[in-house]
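Secondary and tertiary structure notes
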Amino acid sequence: MKPYEWTRILAQYREPILSRSIFELTVTLVPFVVIWALAWWAVSISPWLALALASVNAAFLMRLFMIQHDCGHGSFFKNRQLSDWVGRFLGVVTLTPYDVWRKNHSIHHATTGNLDRRGTGDLPTLTIREYRQKSWIGRAMYRLLRNPIFLLGVVPFYLFFLQNRLPVGQMRSGQVYWISALATDAAIAAALGVIVWLGGLDVLLLVFLPTTLLAAMAGVWFFYVQHQFEDTVWDHDDQWTVQEAALNGSSYYDLPGVLRWVTANIGVHHVHHLASRIPFYRLSEVIRDHDILAQSQRITLWESFRCARLHLWDEKSRKLLSFSDARSVAA
C-alpha cells in the first residue's frame, strides 16, 4: 500500500471522544498535583523521599506534555479554542510556550525527513558529505551535540529552561508568539515565586527542578528515537513526500504497557505523522486493526538504545550510521 493511501484509511480514527479526553486529562493532572504536594510535604521529612516522589512525578509531567501535544494538533477536543486554552495552561506546567511550540511543531511535521528543510523542530542531522566538509571545529561541535551524555544531559535543560523563554524560531513572525512566550514566562515566574515564598528554595531544588528536568530528559530521548534510527528516511526536496517521510521516516517505538501509558502512545509515531489529528488514545486502535503498521519501522525498547550511536546519514546506502561506520564509506 502506498503511504498516501493511509491518509484516507486513518481518517476514521480522527474523532476525539470528549469523555475519554476529560478522563485522560484527569487521571494525569490529578495524580501530578497530588504527588507534587506529597513531595513538597516530604521535603521537611527526608530530601531523598522528596526526590523519589519528584522522580515518579516526572512521568506524569511528561504525559501532560503529550496531552499538550495533542491539543496543539487539535486532536484532543473537537473545540479548537478549548484545545488551545488547555494547551496554554499545560504549557505553563511544562515550561513550554504553547503557541510558539505549536507553530514550530507544525513545521516539524511538514518538513521531517527533508534534507533541504532542516532546522526547525528537529535535531541537527548531517549527511556524511556535509560532515566531512566541515572544519575540525565544526565536526567537534557536531560530535558534542550528538553525544548521548550532552544530548540527554545538557540539551533538555537548554531547551526547556532557556530556549523556551523566548519565541525561538518565530521571533519575526508576529506578536502572538512573543505574547505566548512572555505570558508563559510571567505565569511560570509567578508560580515559582509562590513556591519559594511558601516552601523555600528546598522545594524548588528538590521537587520542581528534578521533576521538570527528568521529564525533559525523557522527552528528548523519545523525540530522538522517533526519527533517529538506522532505517529512517531522508530525501532532498525533489524526491521527498510528507507521507513517505511519515510512514518510513518515523519509528513505531513498541514499548511495554506502562511506558506506553506514560508516553501517551507517542511511540506510535509513524501513524501520528501520517494522521496527526488522531487522539493519542486511539492510536492503539490503529495498531490493533492494521498489522502492517504494527510491523512497520518497529523498534523495541532494547533495540532503541543502539540508536544512540547513530549520527550521520549515508545518502548511498540510505541508512543512519555511527561515526565509526561512516569512516569506511567512500567519499
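Structural notes, computed from the coordinates. What you see is a predicted model, and the numbers here were worked out from it, not measured in a lab.

Parameters and conventions
Positions within a chain are numbered from 1, following the residues in the order the chain's sequence is written. Two thresholds apply to this predicted model, a pLDDT of at least 70 for residue-level local features and 80 or more for giving and counting side-chain atom pairs, whereas whole-chain, interface and lining totals are computed over all residues. As a convention, hydrogens and water are excluded, and side-chain values are obtained from all of the structure's heavy atoms. Here a cavity denotes a set of grid points, spaced 1 Å apart and computed over the protein atoms alone, in which a 1.4 Å probe fits but from which it cannot get out, and a pocket denotes an open set meeting protein on both sides within 12 Å along at least five of seven lines; residues with an atom within 4 Å of a point are reported as lining. Grid points are joined across faces, edges and corners, and a volume is the space filled by probe spheres set on the points. Labels follow the DSSP assignment, with helices taken as runs of H or I lasting at least four residues and strands as runs of E lasting at least two, numbered in each case from the N terminus. All residues other than Ala, Val, Leu, Ile, Met, Phe, Trp, Tyr, Cys, Pro, Asp, Glu, Lys and Arg, Gly among them, are scored as polar; the first ten of these are nonpolar and the last four charged. Expected helix span is taken as 1.5 Å per residue step, with the number of steps being one fewer than the number of residues. Three exposure classes are used, based on accessible area relative to the maximum for each residue type with a 1.4 Å probe and protein chains only: buried under 20%, partly exposed in between, and exposed over 50%. Throughout, a residue-residue contact means that at least one pair of heavy atoms, one from each residue, lies within 4.5 Å. Salt-bridge detection follows one rule: a side-chain nitrogen of Lys or Arg within 4 Å of a carboxyl oxygen of Asp or Glu. When DSSP locates at least two bridges between a pair of strands, those strands are taken to pair. Nonpolar cores are built from buried Ala, Val, Leu, Ile, Met, Phe, Trp, Tyr and Cys residues. Side-chain atoms within 4.5 Å join them into one set.

A separate point is empty space enclosed by the protein. Summed over the entire model, instances satisfying the criterion amount to four cavities of 30 Å³ or more. Estimated volume of the largest cavity: approximately 110 Å³. Around the largest cavity sit 13 residues that line it, and Thr 112, Asp 122, His 227, Gln 228 and Trp 234 are the ones nearest its centre. If you tally residues by element for the lining of the largest cavity, the top one is helix α11 (residues 201-227), at three residues. Of the residues that constitute the lining of the largest cavity, the class distribution is five nonpolar, seven polar and one charged.

Time to look at the layout of surface pockets. In this structure, the largest pocket spans a volume of roughly 1,000 Å³. The wall of the largest pocket is formed by 41 residues, among which Trp 101, Gly 121, Leu 159, Gln 163 and Phe 223 lie closest to the centre. Among the elements of the structure, α3 (47-73), α5 (98-111), α8 (148-153), α9 (155-162) and α11 are those that each provide at least two residues to the lining of the largest pocket. Among the elements that line the lining of the largest pocket, the one with the most residues is α11, at eight residues.

What follows covers α5. Across its 14 residues, α5 extends 20 Å between first and last C-alpha, which sits within 8% of the 20 Å expected from 1.5 Å per residue. When we look at burial in α5, the residues that qualify are Tyr 98, Asp 99, Val 100, Trp 101, Asn 104, His 105, His 108, His 109 and Thr 111. Looking at the buried positions of α5, the neighbouring elements they touch are α3, α4 (80-93), α10 (175-199), α11, α12 (242-248) and α14 (269-274). Where α5 terminates, the next one or two residues include Gly 113, which has phi positive at roughly 80°.

For the structure shown, the criterion picks out 15 salt bridges. Among the salt bridges present, the one from Asp 84 reaches Arg 80, with a minimum N-O distance of 3.3 Å. Here Asp 84 and its partner Arg 80 are both found in helix α4, four residues apart, which amounts to about one turn of the helix. You can call Asp 84 buried: its relative accessible area is 10%.

Here we take up the sheet that holds strand β1 (residues 126-127). Ordered by their spatial adjacency, three strands build an open sheet running β1-β4-β5, and the pairing between neighbours is mixed. Here the strands that pair on one side only, and so sit at the sheet edges, are β1 and β5 (319-321). Strand direction decides the pairing type here: strand β4 (residues 312-314) and β5, joined by three bridges, are antiparallel. The residue of β5 that forms the bridge with Trp 313 is Leu 320.

The next point concerns the nonpolar core. Of all hydrophobic cores here, the largest spans 54 residues; its most connected members are Leu 25, Trp 36, Phe 76, Trp 221 and Tyr 224. Mapped onto this core, the elements with two or more residues apiece are α2 (18-42), α3, α4, α5, α9, α10 and α11. Per-element tally for this core: the top contributor is α11, with 12 residues. Non-local contacts of Tyr 224, meaning those with residues more than four positions away in its chain, are made with Leu 123, Arg 146, Leu 151, Cys 307, Ala 308, Leu 310 and His 311. Within the second largest apolar cluster, 17 residues are counted, among which are Leu 247, Tyr 252, Val 286 and Leu 293.

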